Structures are given as structure tokens and as C-alpha cells.
Amino acid sequence: MERRILGGTGMSVSAFALGTMMLGASGNTDHDESVRIIHTAMDAGINFIDTADVYSSGESEIIVGKALKECRRDDVVLATKFAMAMGPDGNQRGGSRKWIMRAVEDSLRRLGTDYIDLYQMHRFDPVTDLDETLSALSDLVRAGKVRAFGSSLFHAEQIVEAQWVAERRGHRRFRSEQPPYNILLRGIESNVLPTAQHYGLGVLTFGPLASGWLSGRADPTTGHRNAGAGKQLFDQSDPGNRAKAEVVKKLSKLADEAGLPMPYLATAFVRSHPVVTSVLIGPRTPEHLAGLLAGADVILTDDILDRIDEIVPPGTDLNRNDLMYVPSVLGDKRARRRTR
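Computed from a predicted structure; not experimentally measured. (Residues numbered from 1 in each chain as written. Predicted model: local features only at pLDDT ≥ 70, side-chain atom pairs only at ≥ 80, totals over all residues. Heavy atoms only, no water.)

### Looking at the nonpolar core
Logical step 1: One finds Tyr119, Phe174, Leu214, Leu300 and Ile308 to be the most contacted residues of the largest nonpolar core, which totals 85 residues.
Logical step 2: Sorting elements by how many residues they give to this core places helix H8 (residues 262-271) first, with seven residues.
Logical step 3: Met11, Ala79, Leu118 and Phe206 belong to the second-largest nonpolar core, a separate cluster that totals 13 residues. (Core = buried A, V, L, I, M, F, W, Y, C linked by side-chain atoms within 4.5 Å. Buried < 20%, exposed > 50% of the residue type's maximum accessible area, 1.4 Å probe, protein only. Helix = DSSP H or I, 4+ residues; strand = E, 2+ residues; numbered from the N terminus.)

Spelled out as C-alpha cells, the structure:
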């Protein structure tokens, strides 16, 4: 499998990364099968494994730890995340030094390792000074517990602010960004990706199949993701989702004309962007993994990429609700109204 360098870290990572959000209570509860999925991915050339403390409340990290016991740890680039709520207490989340120091020890214990290659801030923390966060993360690098650190779902201006704070305060800086990116969600092409390129960040994207919309199913609105918290992603009363349904019909026709299964078209599209380092695939079963791996070498021609641009213009988000992140200034009405 093709390898690329992760930003300025010097670490060589596979063009596909294995995302493990679906391993554990949120997806595949069979630990043995989940471990086999990880090993199969590694046998296929994937050396980049991504997880997070919040995935299935730590269970995903435990599964990854079990898989790593049976292989050479140094052969894997291991990434995990912090900042999402891990309990009811306000000190069990965010980017404070207090939480970071506890969260990293918890992740190291669950993963069964003494260092993390890429430690990512899962969301921007609006209540903690970035100087505080970057200082704590820099100390983890100096202590040898973390090799490099990055961000996830940061807006372009937040990426810039973090780079400026690191330079002014003498801290180590974020080396990567992990945003959602797929044919239906292209907004980051106009801001996040150029900003990441400017600062030399590695880009690890997730959601290439758009939560199942680009899975190739005859009716993408059906499936295990069309339930519970994910139901709004498919609600046909939402104009954005109706627009996605029309676009998927056009993309399905294009995929058929190109002789490609839809998932191959979708993942190859994301890999084709020159700023993208690695594309996260998040299989729930061995069959899902096998299907995605079979398209790992697909390269789209300029003609097909031009056709995709005609169907979904560059920089377009068909439904901004799919970003899964509402800035605090939009989610809290008190931030938009003068007090009286």
C-alpha cells in the first residue's frame, strides 16, 4: 500500500488508516473478531491505526491494545484522541492540563503501550487557553509519552491561532488535522485544507463513505447508521438530505459508467486530493474491511474527477449538519445576544 509522510513528523503512514470507532459497543462487540480485523488491515499494508478514548467509552482502545500485543509495536503508527467528555464532571473533558495529564495515562493503560505516536485533540475547547493546552502537550512530547500531537475538527482560524500561539509561546505545535471529508462534504477544500497545507500539517480524513450514503447500497438511507443519534443524517424532511439523495443517484451512474463500485469511487476521490495524507476507513465487520481494501489501488482519471466536480462543485457542503460540530458561538444563544 502507498505510504505518505505525516506532515512534518517524518512518520511514514499508509494511504488508508484503520479507524476503530466501530470496534466495541458502538459497533462490533466481538473482541476476537475486532482484533482479527486490525490484524487483517495490517497484513494488507495499513500501518496507521486511529482510535479515541471516547469510542465506546474506552473499549475501542482496549481492543486496539489487545491487537498490538500480538505484533511489533514499533511497526504501527498509533493515534488516539482526547477532549470529548469521558464522564459527568467538567474536569473529565477538554484541553486543560489537569485533564490531559489524566487522559493520556488512561489511554496508555488501555492501549497497553508506553507511548502514543499521534495524540489528537478531538474538538477545540473554547474555555481553555490554547497556551495551556499546547504547554501540556509539549510536556508529554518531552516526557516521551507522545511523539507528536494534532487536532480534529478545528476550523481554519483555530488551526491558525494554534500555530501562532505555539510560535509565540515557544511550544511544540499541532502537526496534523483530522476533518470529515467526502464527495458530499467538500467545504474544507476552501479553507481547512489550504490552511493545513500552508502550515505543513498532515491531514487524516474520516467519513469517506458519508455515513453510508456512498456505500453503494440501493437505498443508502437504510442500514445500522440510520437509527438513534445518526437518524438525522438520513431524514428526508431535511432539504440537505434530499439534495444528497439526488446527488447519490448521479454518482451511482458515474460509478457504473467507470466500472467502479461506489465505495471505490468515494475513497479514491478523497485520496486524490494532494493535501490528504491518509484516509480513515472504519469497518465494522471483516467483510466491510475486505470490500474497502479491494479498492485501495484505484486511481481516478481527470475525466472522472471533472465529472464529480460537475455533480458536486468544489468547496460545497450539501448538508452542513453533517459536520457533526456546532461552534459554541452558534450553539449557545447567549453568545449571540446582548445581556439586559
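### Quick notes on the side chain of Thr51
Logical step 1: With respect to the element layout, Thr51 can be found in the loop between strand S4 (48-50) and helix H2 (59-68).
Logical step 2: The exposure class assigned to Thr51 is buried, which follows from its relative accessible area of 0%.
Logical step 3: At 3.1 Å, the side chain of Thr51 and the side chain of Thr20 are in polar contact.
Logical step 4: Residue contacts for Thr51: discarding those within four places in its chain leaves Thr20, Ser60, Glu61, Val64, Ala79, Thr80, Lys81 and Leu111. (Polar contact = N/O pair within 3.5 Å; in protein donor to acceptor, adjacent residues only side chain to side chain. Contact = heavy atoms within 4.5 Å.)

### A short note on the side chain of Glu59
Logical step 1: In this fold, Glu59 is placed in helix H2.
Logical step 2: The side chain of Glu59 sits in the buried core without any salt bridge; Lys66 is the nearest counter-charge, 7.3 Å away.
Logical step 3: A distance of 2.7 Å separates the side chain of Glu59 from the side chain of His31, its partner in a polar contact.
Logical step 4: Apart from residues no more than four positions distant in its own chain, Glu59 is found in contact with Gly24, Ala25 and His31. (Lys, Arg positive; Asp, Glu negative; His and termini not counted. Salt bridge = Lys/Arg side-chain N within 4 Å of Asp/Glu carboxyl O.)

### Structural notes on the layout of surface pockets
Logical step 1: Looking at the second largest pocket, its volume works out to about 240 Å³.
Logical step 2: Along the wall of the second largest pocket there are 16 residues; nearest its centre are His155, Ile188, Asn191, Val192 and Leu323.
Logical step 3: In terms of residue class, the lining of the second largest pocket is built from nine nonpolar, three polar and four charged. (1 Å grid on protein atoms, 1.4 Å probe; cavity = no way out; pocket = protein on both sides within 12 Å on 5 of 7 lines; lining within 4 Å. Points joined across faces, edges and corners; volume = space filled by probe spheres on them. Nonpolar A, V, L, I, M, F, W, Y, C, P; charged D, E, K, R; others polar.)

### With respect to the pattern of salt bridges
Logical step 1: A full pass over the atoms with the stated rule returns 17 salt bridges.
Logical step 2: In this structure, the salt-bridge partner of Asp106 is Arg109, at a minimum N-O distance of 3.3 Å. Taken together, the residues span about one helical turn, with Asp106 and Arg109 both in helix H3 (residues 97-111) at a distance of three residues.
Logical step 3: Among the residues examined, Arg109 registers a relative accessible area of 57% and is labelled exposed.

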